[in-house]
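# Breakdown of the fold
Spelled out from the first residue to the last, the chains are:
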Amino acid sequence: MKSIKTWSTPVKQEQKRVIPCNLCGSVSFKPHFNCEGFSYVRCTNCGLVQQNPQPDTGAIHARYEDDSSQAYLHYELSNETAFLTLQQKGLQDSGFFHLETQLFAQRDAPPRVLDVGCATGALLAWLRDRGWDCIGIELCGPAADYARNTRKLSVITGTIEHAGLPANSVDVALASHVIEHVNDPRSFVNEIYNSLKPGGSCFITTPSIDGLQARLFGSRWRSAIFDHLYLFSKRTLRALLEEAGFTVEKTISWGGLARGTAPEPIKQAADRLAKRFNWGDVVLMRCRKKVSVQ
């Protein structure tokens with residue numbers, strides 16, 4: 001598989017404001033990563049790492065508009081085969097296909113899957129071909145247009161907070177490399193929870209700040225980038241999901257060393273160890289919404 005460069009818009013000056021910790025509400029922080037043109041702090045109470053001061057929502061949305069939106073579309077199209085392969089492997093390792101078999105056996109109508117941050121719709125199109133009823137949400141207008149017009153998918157342009165999804169309407173929600181980009185991860189997770197049917201499952205994937213690569217490279221870590229407003233550890237991501245009401249059923253991670261940072265035999269050995277001992281560069285959590293008790 002080819003090496004994938006992490007997408008990020010150019011660092012620029014934006015209006016910023018100091019915000020409390022999104023996980024626990026504390027206003028006590030200490031410096032964590034000092035990057036070129038931006039920095040991260042760690043909450044002294046719960047450990048969540050975030051950019052703070054932080055650009056407001058309007059500034060974040062503007063990054064996916066105008067010229068930047070076309071560049072992002074080109075990036076997604078250039079890498080979508082590699083992205084899809086990684087997503088498929090993550091879903092396999094986290095038990096998605098066992099869940100899929102159960103859902104299709106339980107009902108006559110296809111189960112519904114929501115992909116939040118669906119980009120060009122490659123994953124949704126693949127799931128549609130497997131029989132799923134698919135809906136996507138994508139902030140970048142050109143990417144959403146591509147998914148609708150080229151792949152004929154049902155995709156809402158915008159954020160999950162403004163998508164108007166009915167409560168208890170989807171069986172499975174997917175969010176791959178999205179939660180680290182949003183201003184309010186708590187709201188993001190709550191909206192996913194509300195959209196799921198009781199007993200529904202969510203698969204959330206994000207860079208892991210307690211993985212080997214983050215520990216080795218610090219502020220030079222490939223996921224410490226301008227567009228990542230939050231950097232989650234397994235502990236802080238679990239806490240956020242459980243606060244929303246989810247039960248975390250499985251946690252997996254992968255990625256020991258990025259291609260090009262070490263000789264290939266060392267990279268392959270590091271990748272195997274990272275996956276085995278769950279200290280990879282990326283973490284995926286499979287969680288379930290509680291079943292209502294009558």
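Attention here is on the structure that accompanies the text.

What counts, and at which threshold
Residues numbered from 1 in each chain as written. Predicted model: local features only at pLDDT ≥ 70, side-chain atom pairs only at ≥ 80, totals over all residues. Heavy atoms only, no water. Pairing = 2+ DSSP bridges. Helix = DSSP H or I, 4+ residues; strand = E, 2+ residues; numbered from the N terminus. Contact = heavy atoms within 4.5 Å. Salt bridge = Lys/Arg side-chain N within 4 Å of Asp/Glu carboxyl O. Buried < 20%, exposed > 50% of the residue type's maximum accessible area, 1.4 Å probe, protein only.

On to the sheet that holds strand 4 (residues 49–51). Sheet architecture is open: 4 strands sit in the order 2-3-4-11, paired in antiparallel fashion. Strands with a single pairing partner mark the edges of an open sheet, and in this sheet they are strand 2 (29–35) and strand 11 (230–231). By the bridge criterion, 2 bridges tie strand 4 to strand 11 in an arrangement that is antiparallel. From the neighbouring strand, glutamine 50 faces strand 11, where its bridge partner is tyrosine 230.

Next up on the list: the environment of isoleucine 19. With respect to the helices and strands, the residue isoleucine 19 is situated in the loop between strand 1 (16–17) and strand 2. When the C-alpha positions of isoleucine 19 and glutamine 50 are compared, they lie 10.0 Å apart, and in sequence the two are 31 residues distant. For isoleucine 19, the contacting residues outside a window of four places in its chain are Phe29, Gln50, Asn52, Gln54 and Tyr230.

Our focus in this paragraph is unusual backbone geometry. Residue asparagine 52 is joined to proline 53 through a cis peptide bond whose omega torsion reads 5°. Position of proline 53 relative to the elements: it lies in the loop between strand 4 and strand 5 (54–55). The phi torsion at lysine 152 lies on the positive side, around 60°, for a residue other than glycine. If you trace the backbone, lysine 152 turns up in the loop between helix 5 (141–149) and strand 8 (155–157). Located in the positive-phi region is histidine 177, a residue other than glycine, with phi close to 55°. Structurally, the position occupied by histidine 177 is in the loop between strand 9 (170–176) and helix 6 (185–195).

Taken as a whole and judged by the stated rule, the model has 17 salt bridges. Salt-bridge contacts for glutamate 249 lead to arginine 286; the nearest nitrogen and oxygen are separated by 3.2 Å. Here the residue glutamate 249 occupies a position in strand 12 (residues 247–254), and arginine 286 occupies one in strand 13 (residues 282–288), the gap between them amounting to 37 residues. On the accessibility criterion, glutamate 249 (34% relative accessible area) is partly exposed. For arginine 259, the salt bridge goes to glutamate 264, with nearest N and O atoms at 3.5 Å. Accessibility expressed as a relative area gives 37% for arginine 259, which makes it partly exposed. Residue classification places glutamate 264 among the partly exposed positions, given a relative accessible area of 32%. Three or more residues joined by partner-sharing salt bridges are found here, namely Glu14, Arg63 and Asp227.

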